[in-house]
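Single-letter residue listing:
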Amino acid sequence: MTSLLDELRGLSSVACDTLDAEVASRFGPFVDCTSNQAIAYNELSKLDSDGKLVYQQLIHESIEVAHWMFAKQSDATLEELAVELMMVNLALLIAPHITGRLHIQTNPKLAYSTAKTIKNAERVHSHFTHLSPSLSPSRICIKIPSTHEGLLACRHLEAKGITTLATTLFSLEQAILASASSCRYVAPYVNELKVHFEQGYVDPDRNNSLFLCGVIQEYFRRRGVGRTEVMAASFVTVEEVMQLAGVRNLTISPGLLEVLAGTKVEGWTGATVGMVGRWVGGRGGWDEGRVREVERVRGMRGGEDGFYEGGGGRAEGKLVQALNLFVGVQEGLEEVVRRGVKQGL
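The present account deals with the structure reproduced in this document.

Definitions and limits used
- Residues numbered from 1 in each chain as written.
- Predicted model: local features only at pLDDT ≥ 70, side-chain atom pairs only at ≥ 80, totals over all residues.
- Heavy atoms only, no water.
- Phe/Tyr/Trp six-rings, centres within 6.5 Å; stacked < 30°, edge-to-face > 60°.
- Helix = DSSP H or I, 4+ residues; strand = E, 2+ residues; numbered from the N terminus.
- Buried < 20%, exposed > 50% of the residue type's maximum accessible area, 1.4 Å probe, protein only.
- Lys NZ or Arg CZ within 6 Å of the ring centre and 35° of its normal.
- Axes fitted to C-alpha atoms, helices over the stretch in contact; angles between N-to-C directions.
- Parallel < 35°, antiparallel > 145°, perpendicular 65-115°, else oblique.
- Contact = heavy atoms within 4.5 Å.
- Nonpolar A, V, L, I, M, F, W, Y, C, P; charged D, E, K, R; others polar.
- Expected span 1.5 Å × (residues − 1).
- Polar contact = N/O pair within 3.5 Å; in protein donor to acceptor, adjacent residues only side chain to side chain.
- Salt bridge = Lys/Arg side-chain N within 4 Å of Asp/Glu carboxyl O.
- Core = buried A, V, L, I, M, F, W, Y, C linked by side-chain atoms within 4.5 Å.
- Disulfide = S-S within 2.5 Å.

**Focus on the packing of aromatic side chains**
Step number 1: Tallied over the full model, the rule gives two aromatic pairs.
Step number 2: Between Phe170 and Tyr189, the aromatic rings sit 5.4 Å apart at their centres with planes inclined by 70°, giving edge-to-face as the arrangement. Taken together, the positions of Phe170 in the loop between β5 (163-169) and α8 (172-180) and Tyr189 in the loop between β6 (185-188) and α9 (206-222) put the pair 19 residues apart, joining distant regions of the chain. Each of the two residues, Phe170 as well as Tyr189, counts as buried.
Step number 3: Note on Tyr219 and Phe220: the rings are 6.2 Å apart at their centroids and 65° apart in plane angle, and the pair reads as edge-to-face. Neither residue differs from the other here; Tyr219 and Phe220 are each classed as buried.
Step number 4: The cationic tip of Arg9 hangs over the ring face of Phe30; the distance from NZ or CZ to the ring centre is 4.9 Å.
Step number 5: Between Lys194 and the ring centre of Tyr201, over which it is positioned, the NZ or CZ distance is 4.4 Å.

**Here we look at the packing of helix α4 (residues 56-70) against helix α14 (residues 314-343)**
What describes two packed helices is the angle between their axes and the distance between those same axes.
Step number 1: Relative orientation of the contacting elements α4 and α14 amounts to 90°, with a least axis distance of 10 Å. Here α4 is positioned roughly perpendicular relative to α14, judged by the angle of their axes. Each of Ile59, Ile63 and His67 in α4 lies in contact with α14, whose residues at this interface are Val336, Val337, Gly340 and Val341.
Step number 2: Among the residues making up the contact of α4 with α14, the classes are represented as five nonpolar, two polar and no charged.

**Structural notes on α14**
Note: α-helices contain 3.6 residues per turn, so residues at a spacing of three or four share the same orientation.
Step number 1: Taking 1.5 Å of rise per residue, 30 residues should cover 44 Å, and α14 covers 44 Å from first to last C-alpha, within 8% of that figure.
Step number 2: One or two residues past the end of α14 sits Gly344, with phi positive at roughly 75°.

**So, the side chain of Lys318**
Step number 1: Looking at the element boundaries, Lys318 is found in helix α14.
Step number 2: For Lys318, the side chain forms a polar contact with the side chain of Asp205, separated by 3.1 Å.
Step number 3: In contact with Lys318, not counting residues within four places along its chain, are Phe170, Glu192, Asp203, Asp205 and Ser209.

**Examining the pattern of salt bridges**
Step number 1: Going through the model one piece at a time under the given rule, you end up with 21 salt bridges.
Step number 2: Its salt-bridge partner being Glu258, residue Arg26 comes within 3.5 Å of it at the nearest N-O pair. Residue Arg26 is located in helix α2 (residues 21-27), and its partner Glu258 is located in helix α11 (residues 254-262); the two are separated by 232 residues in the primary sequence.
Step number 3: Judged by its relative accessible area of 43%, Glu258 falls in the partly exposed class.

**Section: the nonpolar core**
Step number 1: Counting 90 residues, the largest nonpolar core has Phe128 and Leu244 as the members making the most contacts within it.
Step number 2: The greatest single-element share of this core, amounting to twelve residues, is contributed by helix α5 (residues 78-94).
Step number 3: Discounting chain neighbours no more than four positions away, the residues touching Phe128 are Val88, Ala91, Leu92, Leu102, Ile104, Pro133, Leu135 and Ile140.
Step number 4: With 18 residues, the next largest nonpolar core counts Leu165, Phe170, Tyr189 and Ala322 among its residues.

**Quick look at the state of the cysteines**
Here a disulfide denotes a covalent bond joining the sulfur atom of one cysteine to the sulfur atom of another.
Step number 1: Scanning all chains against the criterion turns up zero disulfides.
Step number 2: Residue Cys16 stays outside any disulfide, its sulfur separated by 4.2 Å from that of Cys33, the closest cysteine.
Step number 3: Judged by its relative accessible area of 0%, Cys16 is buried.
Step number 4: In this structure Cys154 is a free cysteine whose sulfur lies 3.7 Å from that of Cys183, the closest cysteine sulfur available.
Step number 5: Judged by relative accessible area, which is 0%, Cys154 ranks as buried.

Right under this line is the structure:
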């Protein structure tokens, strides 16, 4: 019997949105592995049956390396270095269970500085080389928030051969600039990040966001954008995932992977598989006039003007919200490091 996960793999490249190697092993192999500060914090906070941190040794080793690196640079604090190293070490545990890239997100505190984001991304990239010299650089991808400054950083990094993904993306305007910056991936969020932090909250704009994922992929196809691929993210339900089947890449959380693996295609009565792509690609789902207007405004204004106007300004609100949430979790990770230093981990 074929599971929904099997069916999905025949239509899209499936990535695991986790830093839990057990999940990657159980439901893999996957193409890519994506992550962010919230995923790292949840993983590093896990306790064993004795109430001890599961990753105590990994935290200790990351702090040790951070101390060594801290004396050799002046761009990051000890805590920031250790957080980067912990995230990279977690990702490396998953490397055997994927065939593609390991994705690490830059520090969200730096999202509005092009220069600092570039340095952060280059440093994270170098951590992989330092910790795992045998890992091919082609298997490393740096996730960068889709602020105007962040996408300019992507352009610089891609020119240097560092693969990037434009994350926390909520508008066609952001996607167009990301493709112009040669990002390898764009990650439109199906649900705003708040849904993963506030129990019971439902994104009122979810249906439009589902549609946007299909629009961006169709835009790339119609405009001959070969470099940049869609990697839809921030799913809440299996129905959302299956509606976007056929989008080039989907990154899926452990809970949804378990449901997808345990649900048989035969008898599935949920959402029509791949319905968003078929609708957007049809006559009724593509608005060439609207798309040309977006392109015209981007071409006329250039720079940052008009960049955040997508969805009547809602895109900017969702982006700011996501960054604020990620900054809070980044600070939580830095506190994990401070506690580790104090306890001598």
